[in-house]
Amino acid sequence: MARIIFEGWEHGMQKIPFIKLLNLTAGLSLKESKKIKDLIVDGEIITINLMSDDLANEIIIQARQLGVKCKLDNDDNG
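Computed from a predicted structure; not experimentally measured.

Criteria and cut-off values
Residues numbered from 1 in each chain as written. Predicted model: local features only at pLDDT ≥ 70, side-chain atom pairs only at ≥ 80, totals over all residues. Heavy atoms only, no water. Axes fitted to C-alpha atoms, helices over the stretch in contact; angles between N-to-C directions. Helix = DSSP H or I, 4+ residues; strand = E, 2+ residues; numbered from the N terminus. Parallel < 35°, antiparallel > 145°, perpendicular 65-115°, else oblique. Left-handed = near helix turned anticlockwise from the far one by under 90°. Contact = heavy atoms within 4.5 Å. Salt bridge = Lys/Arg side-chain N within 4 Å of Asp/Glu carboxyl O. Buried < 20%, exposed > 50% of the residue type's maximum accessible area, 1.4 Å probe, protein only. Phe/Tyr/Trp six-rings, centres within 6.5 Å; stacked < 30°, edge-to-face > 60°. Lys NZ or Arg CZ within 6 Å of the ring centre and 35° of its normal.

1. Describing the packing of helix α1 (residues 15-25) against helix α2 (residues 30-41)
Running from N to C, α1 and α2 cross one another at 130 degrees; their axes reach a closest spacing of 8 Å. As the angle between them shows, α1 and α2 are arranged oblique. The handedness of the crossing between α1 and α2 comes out as right-handed. Across the interface between the two elements, Lys15, Phe18, Ile19, Leu22 and Asn23 from α1 touch Leu30, Ser33, Lys34, Ile36, Lys37, Ile40 and Val41 from α2.

Right, dumping it as structure tokens:
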């Protein structure tokens, strides 16, 4: 299982495309995707779990292009 940690955002973050990215790529509902975006904008650190490292890496690449600060959680203790 892969985990993405969303740590923050940059000025000019493309919020709607980020919501769509989570919805279409991570398989989250629009409501869940918007809530994650709102929490990130409010300064929360959010972690999501995915079944594939490849999928997680693709989401990270696209999210960074949209102005989201994120990384792959490499902690294998959990």
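2. As for the pattern of salt bridges
Counted according to the given criterion, the structure contains four salt bridges. Salt-bridge contacts for Lys71 lead to Glu7; the nearest nitrogen and oxygen are separated by 3.5 Å. Placement of the pair is Lys71 in strand β3 (residues 68-73) and Glu7 in strand β1 (residues 2-9), with a sequence separation of 64 residues. With a relative accessible area of 36%, Lys71 lands in the partly exposed category. When its relative accessible area of 38% is taken as the criterion, Glu7 is described as partly exposed. Put simply, Asp38 and Lys34 hold a salt bridge, and the shortest N to O gap is 2.8 Å.

3. Things to note about the packing of aromatic side chains
Following the criterion strictly, the structure yields one aromatic pair and no others. Aromatic pair Phe6 and Phe18: ring centres 5.4 Å apart, planes at 75 degrees, arrangement edge-to-face. With Phe6 in strand β1 and Phe18 in helix α1, this pair connects stretches of sequence that are twelve residues apart. Both residues of the pair, Phe6 and Phe18, count as buried. Against the face of Trp9 rests Lys15, its NZ or CZ located 5.7 Å from the ring centre.

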